[in-house]
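Fold and geometry: a report
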Amino acid sequence: MQLTPDPSIVRIDGPWTHRDVSANGIRLHVAELGDGPLVLLLHGFGEFWWTWHHQLRGLADAGFRAVAVDLRGYGDSDKPPRGYDAWTLAGDVGGLIKALGARRAHLVGHAWGGMLAWTVASLHPRLVSSVTAVGAAHPLALKSAILRSPRRQGRAAGHLFRFQVPMKPEKWLVRDDAANVESLFHSWSGPAWRSSSDFTNTAGRFRQAMLIPGVAHSALEYYRWAFRAQFRGEGRRFTDAVGKRVAAPVLQLHGAVDTCIVPETARASVHWAGPHGEPRIWPGVGHFPHLEEPDRVTKSVVDFVS
């Protein structure tokens, strides 16, 4: 019999402090460590705040206030029935920065969190000091790549289309104690990490978090809005809103063997980047650089935001 875990299971003990913050009309759970300029860490699909546990420690040691959040619908944050559109999610992040008492923040985002960081930098530029995209692409770069390269990025993003049908994907995600979450992460990871005990332990945490009531549906709603918006006026408005270069400096960290967001898509994202260097594409690394090469990612972020 499959157990239904309580949301509090994501409040994993460590040197950080767990607390709830009200922002944009909902309650968001965060883990916080350190003092100094704010670095806000945004996770991707199927993850929760803990995906940044290495970076929380490293950033705090380097003199930053590191805050990792459970995004709307994930972990121990609220899971309302609506609000999984880019406008509202960007409002969550902007509201969280203000609720944390900061005027601006360095945003570090993985996958969906990375696209959200790009979006916040476009919609709320005064709140963003910099953007670090980890295994992520600008939303318009991803859209363009799916249309332009159906055999490459289109195939890599095949789950986006499979997730559009109602109810069945939710059941698929939680089946057999969320074993399919581990399967997805295994297929997206670099060979060294996915064969390690750290991968097994990490995947176990993500599987357990996916079983929290409401998480599977909420996680899929991100994908469903992104797809549906392409056929609606809000999609055109979103394209216009994020279509210009962001003003904040941008750092891109990407794996050369990422099979979810392929490296060519990350490279194409520089079209929307303000001050930036070329994307750093690391050999042998897959879709999870922050977990596969945690020290390297932490050092890159610290050097960049310093």
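Just so we're clear, the structure is a prediction, and the values are computed from it rather than from any experiment. (Residues numbered from 1 in each chain as written. Predicted model: local features only at pLDDT ≥ 70, side-chain atom pairs only at ≥ 80, totals over all residues. Heavy atoms only, no water.)

A few words on the pattern of salt bridges. In this structure the tally under the stated criterion is 13 salt bridges. Between Arg152 and Glu264 there is a salt bridge whose closest N-O contact spans 2.8 Å. Here the residue Arg152 occupies a position in helix 5 (residues 150-156), and Glu264 occupies one in helix 12 (residues 263-268), the gap between them amounting to 112 residues. For Glu264, a relative accessible area of 37% puts it in the partly exposed group. Close ionic contact of Arg224 with Glu170 constitutes a salt bridge, the shortest N to O distance being 2.7 Å. With Arg224 in helix 10 (residues 215-228) and Glu170 in helix 7 (residues 168-188), this pair connects stretches of sequence that are 54 residues apart. By relative accessible area, which is 4% here, Arg224 ends up buried. For Glu170, a relative accessible area of 13% translates into the label buried. When salt bridges that share partners are traced, they join Arg11, Asp20, Arg27, Asp76 and Asp78 into one network. (Salt bridge = Lys/Arg side-chain N within 4 Å of Asp/Glu carboxyl O. Helix = DSSP H or I, 4+ residues; strand = E, 2+ residues; numbered from the N terminus. Buried < 20%, exposed > 50% of the residue type's maximum accessible area, 1.4 Å probe, protein only.)

Topologically, Asp85 is positioned in the loop between strand 4 (65-69) and helix 2 (86-99). Within the buried core, Asp85 has no salt-bridge partner, and the shortest N-O distance to an opposite charge, that of Arg72, equals 7.0 Å. Among the polar contacts made by the side chain of Asp85, one reaches the main-chain amide nitrogen of Trp87 at a distance of 3.2 Å. Side chain to side chain, Asp85 and Thr88 meet in a polar contact 2.9 Å long. (Lys, Arg positive; Asp, Glu negative; His and termini not counted. Polar contact = N/O pair within 3.5 Å; in protein donor to acceptor, adjacent residues only side chain to side chain.)

Another point: the packing of aromatic side chains. In total, this model carries 22 aromatic pairs according to the counting rule given. Taking the centre distance of 6.4 Å and the plane angle of 75° together, the rings of Trp50 and Phe206 count as edge-to-face. Of this pair, Trp50 sits in the loop between strand 3 (38-42) and helix 1 (53-61) while Phe206 is found in helix 9 (residues 197-210), placing the two residues 156 residues apart along the sequence. Residues Trp50 and Phe206 agree in their burial class; the two are buried. Seen in terms of ring centroids, Phe185 and Phe288 are 4.8 Å apart; in terms of plane orientation they differ by 35°. Their pairing is tilted. You can see Phe185 sitting in helix 7 and its partner Phe288 sitting in the loop between strand 8 (280-282) and helix 13 (289-292), a full 103 residues away along the chain. (Phe/Tyr/Trp six-rings, centres within 6.5 Å; stacked < 30°, edge-to-face > 60°.)

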